[in-house]
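Residue-level structural notes
Below, each chain spelled out in residue letters.
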Amino acid sequence: MNHFYIKDNRLYAENFLVEDLAKEFGTPLYIYSKNQILKNYREINQPLVNSKLDFINCYAIKANSNPEILKLLAEEGAGAEIASGGELYLAHKFGYLRNKITFTGVGKTDEEIEYALKENIFNFTVESMQEVKVISEIAHKLGVIARVSIRVNPDIDAKTHPYITTGMKENKFGIDSKDIIEVFKTALKMPNIDVIGIHSHIGSQITDVDPYIEAVKYLGDLIKKVEAMGVNIRYLNFGGGFGVRYKNVLTHRYIPFEEDEIKEYASLGDHIESVIKLLSVYNKKLVIEPGRSLVANAGILAGKVLFIKQGEVKKFVITDTGMNDLMRPCLYQAYHQLVPLNLKDTGTETVDIVGPVCETSDFLAAKRCIQRLERGDRFAVMTTGAYGYSLSSNYNARLRPAEVLVDGDKYRLIREREKVEELHY
Ligand code: LLP
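Residues numbered from 1 in each chain as written. Predicted model: local features only at pLDDT ≥ 70, side-chain atom pairs only at ≥ 80, totals over all residues. Heavy atoms only, no water.

1. Things to note about the nonpolar core
Heads up, the condition is: The set of buried Ala, Val, Leu, Ile, Met, Phe, Trp, Tyr and Cys residues whose side-chain atoms join them within 4.5 Å is what this entry labels a nonpolar core. Between buried and exposed lies partly exposed: a residue is buried under 20% and exposed over 50% of the maximum accessible area for its type, with that area taken using a 1.4 Å probe on protein chains only. Numbering of helices and strands runs from the N terminus; a helix is a DSSP stretch of H or I covering at least four residues, while a strand is a stretch of E covering at least two. For the domain bounds, the source is a domain assignment made automatically or taken from a database. For this analysis, residues touch if any pair of their heavy atoms sits within 4.5 Å.
Ranked by internal contacts, the top residues of the largest apolar core, which has 97 residues, are Tyr 59, Tyr 96, Phe 124, Phe 184 and Ile 198. Per-element accounting of this core gives the leading share, eight residues, to helix α8 (residues 210-228). A domain-level breakdown of this core finds at least three residues from each of domain 1 (4-31 + 297-419) and domain 2 (34-291). Each residue touching Ile 198, except ones within four places of it in the same chain, is listed here: Ser 149, Ile 150, Val 152, Phe 184, Leu 219, Leu 222, Ile 223, Val 226, Ile 233, Tyr 235, Leu 236 and Asn 237.

2. Concerning the pattern of salt bridges
Cut-off, in case you're wondering: Think of a salt bridge as a Lys or Arg side-chain nitrogen and an Asp or Glu carboxyl oxygen that are within 4 Å of each other.
Following the criterion strictly, the structure yields 28 salt bridges and no others. Where Glu 349 meets Lys 315, a salt bridge forms, and the shortest distance between an N and an O atom there is 3.0 Å. One end of the pair, Glu 349, is in strand β17 (residues 348-354); the other, Lys 315, is in strand β15 (residues 315-319), with 34 residues separating them in the sequence. One continuous salt-bridge network, built from bridges that share partners, spans Glu 19, Lys 23 and Arg 378.

3. Examining empty space enclosed by the protein
To be explicit about the condition: Using a 1 Å grid laid over the protein atoms alone, points where a 1.4 Å probe fits but cannot get out form a cavity; open sets with protein on both sides within 12 Å along at least 5 of 7 lines form a pocket; any residue with an atom within 4 Å of a point counts as lining. Grid points are joined across faces, edges and corners, and a volume is the space filled by probe spheres set on the points.
This structure, assessed with the given rule, holds one cavity of 30 Å³ or more. Its boundaries defined by the atoms lining it, the largest cavity holds a volume of some 70 Å³. Forming the walls of the largest cavity are 13 residues, and the residues nearest its centre are Ile 255, Pro 256, Leu 338, Cys 369 and Ile 370. Breaking the lining of the largest cavity down by element, the ones donating at least two residues are β16 (338-340) and β18 (363-371).

4. So, a negative patch on the surface
Rule in force here: Any residue with relative accessible area above 30% and no salt bridge may belong to a patch, with like charges joined within 9 Å and the nonpolar Val, Leu, Ile, Met, Phe, Trp and Tyr side chains within 5 Å. Residue exposure ignores everything except the shown protein chains as possible cover, and the areas themselves are Shrake-Rupley values with a 1.4 Å probe. In this tally, Asp and Glu contribute negative charge and Lys and Arg positive charge; neither His nor the terminal groups of the chain are included. We put the charge of a Lys on NZ, of an Arg on CZ, of an Asp on CG and of a Glu on CD.
A grouping of Asp 157, Glu 170, Asp 210 and Glu 214 is seen on the molecular surface, where their side chains present a negatively charged patch. Note on Glu 214: relative accessible area 42%, which makes it partly exposed.

5. Regarding the site of the ligand
This is how it is decided: A cutoff of 4 Å decides nearness: a residue is near a molecule or strand if any of its heavy atoms lies inside that distance of it. Polar contacts, as used here, are pairs of N or O atoms within 3.5 Å; protein pairs need one atom able to donate a hydrogen and one able to accept it. Residues neighboring in sequence count only if both atoms are side-chain atoms. To be counted as sitting in a cavity or pocket, a molecule needs more than half of its atoms within 2 Å of that site's grid points.
The full set close to the ligand counts 19 residues, and Ser 204, Glu 289, Arg 328, Tyr 332 and Tyr 387 are the nearest of them. One of the side-chain N or O atoms of Lys 62 is found 3.2 Å from an oxygen atom in the ligand. Here an oxygen atom of the ligand sits 2.7 Å away from a polar atom, N or O, in the main chain of Arg 292. Relative to its unbound accessible area of 590 Å², the ligand is 91% covered by the protein chains. Counting atoms within 2 Å of the grid points, the majority share of the ligand lands in the largest pocket. In this structure, the shell around the ligand is formed jointly by two domains, domain 1 (4-31 + 297-419) and domain 2 (34-291), each of which donates at least three residues.

6. Points about the domain arrangement of the protein chain
Filter applied, for reference: Polar here means any residue other than Ala, Val, Leu, Ile, Met, Phe, Trp, Tyr, Cys and Pro, which are nonpolar, and Asp, Glu, Lys and Arg, which are charged; Gly is therefore polar.
Looking at the protein chain, the domain boundaries give domain 1 (4-31 + 297-419) and domain 2 (34-291). Of note, the centres of domain 1 and domain 2, computed from C-alpha atoms alone, are 31 Å apart. Across the contact, 39 residues belong to domain 1 and 27 residues belong to domain 2. Taken together, domain 1 and domain 2 are joined by three salt bridges. Residue Arg 368 pairs with Glu 258 through a salt bridge whose shortest N-O separation is 3.8 Å. Across the contact surface, domain 1 and domain 2 share 17 residue pairs in polar contact (both at pLDDT 80 or more). For the side of domain 1 that touches domain 2, the elements supplying multiple residues, two or more each, are β1 (4-7), α11 (328-332), β18, β20 (402-407) and β21 (410-415). Tallied by class, the residues present in the side of domain 1 that touches domain 2 amount to 18 nonpolar, 12 polar and nine charged.

7. Some remarks on the side chain of Asn 40
Following the sequence through the fold, Asn 40 ends up in helix α2 (residues 34-51). Judged by its relative accessible area of 3%, Asn 40 falls in the buried class. Among the polar contacts made by the side chain of Asn 40, one reaches the side chain of Asn 297 at a distance of 2.7 Å.

8. Some remarks on the layout of surface pockets
Taken as a whole, the largest pocket holds about 790 Å³ of empty space. What lines the largest pocket is a set of 36 residues, among which Lys 62, Thr 166, Phe 173, His 201 and Tyr 387 lie closest to the centre. Looking at the lining of the largest pocket residue by residue, the classes come out as 11 nonpolar, 14 polar and 11 charged. Taken together, 20 residues make up the lining of the second largest pocket; nearest its centre are Gln 205, Tyr 246, Glu 261, Ile 262 and Tyr 335. Grouping the constituent residues of the lining of the second largest pocket by class yields eight nonpolar, five polar and seven charged. In terms of domain composition, the lining of the second largest pocket takes at least three residues from each of domain 1 (4-31 + 297-419) and domain 2 (34-291).

9. Some details on the packing of helix α4 (residues 85-93) against helix α5 (residues 110-119)
To keep things clear, this is the line we draw: Orientation is described by lines fitted to C-alpha atoms, with helices fitted over the stretch in contact, and by angles between N-to-C directions that extend from 0 to 180 degrees. Here is the rule for angles: anything less than 35 degrees is roughly parallel, anything more than 145 is roughly antiparallel, 65 through 115 is roughly perpendicular, and the remaining ranges are oblique. Each helix crossing is assigned a hand: it is left-handed if the near helix lies turned anticlockwise from the far helix by less than a right angle, otherwise right-handed if that turn is clockwise.
Where α4 meets α5, the closest approach of the two axes is 9 Å, and the angle between their N-to-C directions is 25°. Relative to α5, the element α4 lies roughly parallel. Both α4 and α5 take part in a crossing whose hand is left-handed. In this structure, α4 uses Gly 85, Leu 88, Tyr 89 and His 92 to contact α5, whose residues at the interface are Glu 112, Tyr 115, Ala 116 and Glu 119.

Here it is as structure tokens:
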């Protein structure tokens, strides 16, 4: 069961009415379900435990780095995939063990590399020839050995939004096939570099297993080639990317059903089982870096209708929740289901649900068929636990939302709404 559900025409977060939380803490408000996060984590982790494979499950903390969520997953035993020195600081502060922290990213600064080497994290995922040389130099200066995995760009279409596909030739990520062997050769000769693995992350919100199958075949061939050169590949890092459902998350007679181009969604368990099956033949220590799949459906963003405006060609529902709170619709034309907190039989209409920010791209939903809304009505933007708050900003000097964590019959504020005074620090 999902921990956000409708009962008696009202939306609940675990044991609480979302409306009550929205009234108590105000809107916009991120609400997370602790038990949904745990359920997601266990659904991915348990098959790995059962497989008896050696593995590290590194949460991609960019998806949601609220300290309480970080702590929760660290306590469950997760490692962390980090993409900056700031994320390393957070991972370290909130309980992730050094030997489970892996650092990815095409543009690590010298300071970040030095910081991570001093922290003795278990792996740097290297994305260019120049980077491996710089890591080697800094490791030499510090008198340490850097453990690295080389990230390949296998030129595979992950069939996701172009902005979140990462494994194609035209993307900046990883090292192209034509150069990859050369990078392994160079790295092998460096005394301060220990090449421990191969990394591949082909994109995010992948709902089809075919691109994964293609990536695994590619990795299999590459492993053979580099092992023949004398590299001892011990880690196979498959990145993250498991897709989640955004459409028709909740169904109800007052919520219009949306046509979905994705016909079948693999469950998290199915996703991971297929990855295990594909990767177990290589007999390597497996690293995965799930982000979205752990937290997306464990969060919602509650907002309130400010005004209704009938334009000449469209009707606008103007809300207090904008692109600075949730960037995904404006950045990726992402679809998020919108659910009124009180479902009523008022009939439906097609409207643009927009935010208050001074940008035409500031919308939560365009041409959306939804129950007729009025000033003061509250609603939830569903599936916003991943890349919601973490992509939020202060644009228009707006204050970042508050965040609440619900756990059965308890809830607590896990981040206060920003205050105006904080805007000038
Ligand atoms: N590993 C690496 C190297 C990554 O770059 C990412 C995500 C992940 C793991 C986690 O991927 P996930 O399991 O969350 O798909 N802001 C976009 C998504 C950007 C993903 C960036 N990299 C969105 O809101 O859709």
